[in-house]
Amino acid sequence: MPEEVAPDEGTPDEGATGGENDAARRRRRAQFLRDLSEAKELRDRVQPRRARAARMRQAMRMRTFRW
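The following refers to the structure shown. All values reported here derive from a predicted model rather than from experimental measurement.

Quick look at the overall build of the protein
Along the protein, the regular secondary structure elements total 2 helices and 0 strands. Per-residue burial over the protein gives 3% buried out of 67 residues. When the accessible surface of the protein is summed, it comes to about 6600 Å², and 55% of that surface belongs to carbon and sulfur atoms.

Thoughts on a positive patch on the surface
Where like charges cluster on the molecular surface, the positive patch consists of Lys40, Arg43, Arg50, Arg57 and Arg61. Contributing elements (two or more residues each) for the positive patch: α1 (18-46) and α2 (48-64). Residue contributions to the positive patch peak at 3 residues, all from α2. By the element assignment, Arg61 lies in helix α2.

Here's the deal with a negative patch on the surface
A surface patch of negative charge is lined by Asp35, Glu38, Glu41 and Asp44. By the secondary structure assignment, Glu38 is in helix α1. Residue Glu38 is classed as partly exposed on the basis of its relative accessible area of 47%.

Comments concerning the pattern of salt bridges
Taken as a whole and judged by the stated rule, the model has 1 salt bridge. As a salt-bridge pair, Arg25 and Asp22 come within 4.0 Å of each other at their nearest N and O atoms. Within this pair, Arg25 and its partner Asp22 are both found in helix α1, separated by 3 residues, close to a single helical turn. Under the relative-accessibility criterion, Arg25 is labelled partly exposed at 42%.

Notes on a nonpolar patch on the surface
Residues Phe32, Leu33 and Leu36 make up a contiguous nonpolar surface patch of roughly 270 Å² in combined accessible area. On the secondary structure map, Leu33 appears in helix α1. With relative accessibility at 38%, the residue Leu33 sits in the partly exposed group.

Scoring rules and cut-offs
Residues numbered from 1 in each chain as written. Predicted model: local features only at pLDDT ≥ 70, side-chain atom pairs only at ≥ 80, totals over all residues. Heavy atoms only, no water. Helix = DSSP H or I, 4+ residues; strand = E, 2+ residues; numbered from the N terminus. Buried < 20%, exposed > 50% of the residue type's maximum accessible area, 1.4 Å probe, protein only. Areas by Shrake-Rupley, 256 points an atom, 1.4 Å probe, with all protein chains shown as cover. Patch = residues over 30% accessible without salt bridge, like charges linked within 9 Å, V, L, I, M, F, W, Y side chains within 5 Å. Salt bridge = Lys/Arg side-chain N within 4 Å of Asp/Glu carboxyl O. Lys, Arg positive; Asp, Glu negative; His and termini not counted. Charge placed at Lys NZ, Arg CZ, Asp CG, Glu CD.

By themselves, these figures tell us nothing about what the structure is for.
Below, the structure is given as structure tokens:
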């Protein structure tokens, strides 16, 4: 899916204020994180054995983590 960009959004060199750049960056980051979680869910559905192994490894890491 192509990212939708508003026509008035510019690069920092085009004189946009820091707040606009921050908002655009947060929007892009939120979209990226949504896409990433969707891709992970799809991978887990397509490869359930690998997903289970990854969950087990993560659980082991969390059990052995020292504060």
